[in-house]
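# Reading the structure
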Amino acid sequence: MDCYEYPQYWDLAFRDSTREEADFVDALAEKYFPQRPLKIYEPGCGGGRLVVELSRRGYDVTGIDLSQSSIKYLKRRLRRNGLQADVRVANMIDFRCEPPVDIAINTVNTFRHLTTEADAARHLESVAGSLKRGGFYVIGFHLLPPDAALEDQEVWEARHGKISVHMTLDAFGASRKTRLETLRFKMQVRGGKSVKEFTTDYSMRIYTAKQVKSLFAKVPALELIDVFDFYYDLEDPLLLDNQLGDAVFLLRKQ
């Protein structure tokens, strides 16, 4: 069974990123948008950990995802918390928000699920079409520098109440020629005496700094303003070069 079919566990595994991501949106709003409430769009929202947090902070949020299970779960979660957001099943390649929004955000490598240059460019164009002039797209994913190893593993654990999620992420099968790699997620869920295990492989597109610059140049409606890392510090922009691995790009609608 696909790990994404269990959004309650998936979101728990990645919830440590939620506050930093939402704080970054707050920092953008404070710096560039004196008016409130702002409209926020999250393509590939999954089970909605960020949709819920941003809604809780008073934003008008739209979230889409291809997973029906995730959207059903998110709708229940919003109702349970007394929150409202426009969430629906849709494809982030060509979905456009009407009316346009102030900020779009896409993090934790969701963008790399678009495995062709054409789909990646179409997605950026659709986000540009979803933004007001002067609006921002915050997009975060890993880069693979030219001298980086083609295989890697990460292991971490998250807990909530009696539930624990142990995640193992293996990156393998990378090809710089095809610009594809495989990410294998192994998710072990423990609750009381029960143990559930899920393993899913996802094909992801590879980017170097040069390649991501080339992609952004194909969508002139979005201008690259700044680059950050996964610390999400708006006051600490970085260089987009071959030293950068964890990248967060700030694009502005022209």
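Before reading on, note that the structure itself is shown above.
Report follows, based on the coordinates. Everything quoted here is computed from the prediction, not taken from an experiment.

### Remarks on the pattern of salt bridges
Per the stated rule, a full pass over the model turns up 17 salt bridges. The partner of R57 in a salt bridge is D26, and the shortest N-O contact between them spans 2.6 Å. Taken as a pair, R57 in the loop between α3 (49-56) and β2 (60-65) and D26 in helix α2 (residues 18-32) lie far apart in primary sequence, 31 residues in all. We classify D26 as partly exposed; its relative accessible area is 24%. Among the salt bridges present, the one from E157 reaches R159, with a minimum N-O distance of 3.2 Å.

### A word on the pairing of strand β8 (residues 180-191)
Pairing of strand β7 (residues 163-175) with β8 involves eleven bridges; the strand directions are antiparallel. Within β8, the residue paired with H166 across the bridge is Q188. Hairpin connection, β7 to β8: the antiparallel pair is bridged by four residues, and R179 has positive phi, about 60°. Taken together, the twelve bridges between β8 and strand β9 (residues 194-205) define a ladder with antiparallel strand orientation. Looking at the pairing, E181 lines up with M204 of β9. Linking two consecutive strands that pair antiparallel, namely β8 and β9, is a turn of two residues; a positive phi of about 65° is found at G192 within it.

### Examining the side chain of S164
Along the polypeptide, S164 turns up in strand β7. Once residues lying within four places of it in the same chain are set aside, the contact partners of S164 are A158, R159, Q188, V189 and R190.

### Details of the sheet that holds β9
A sheet is described by the order of its strands in space; here four strands give the open sequence β6-β7-β8-β9, paired in antiparallel fashion. Looking at strand neighbours, the two that pair on one side only are β6 (152-160) and β9, the edges of this open sheet. Strand-to-strand twist across the sheet, computed as the mean angle between neighbouring axes with direction ignored, equals 15°.

What counts, and where the lines are drawn
Residues numbered from 1 in each chain as written. Predicted model: local features only at pLDDT ≥ 70, side-chain atom pairs only at ≥ 80, totals over all residues. Heavy atoms only, no water. Salt bridge = Lys/Arg side-chain N within 4 Å of Asp/Glu carboxyl O. Helix = DSSP H or I, 4+ residues; strand = E, 2+ residues; numbered from the N terminus. Buried < 20%, exposed > 50% of the residue type's maximum accessible area, 1.4 Å probe, protein only. Pairing = 2+ DSSP bridges. Contact = heavy atoms within 4.5 Å. Axes fitted to C-alpha atoms, helices over the stretch in contact; angles between N-to-C directions.

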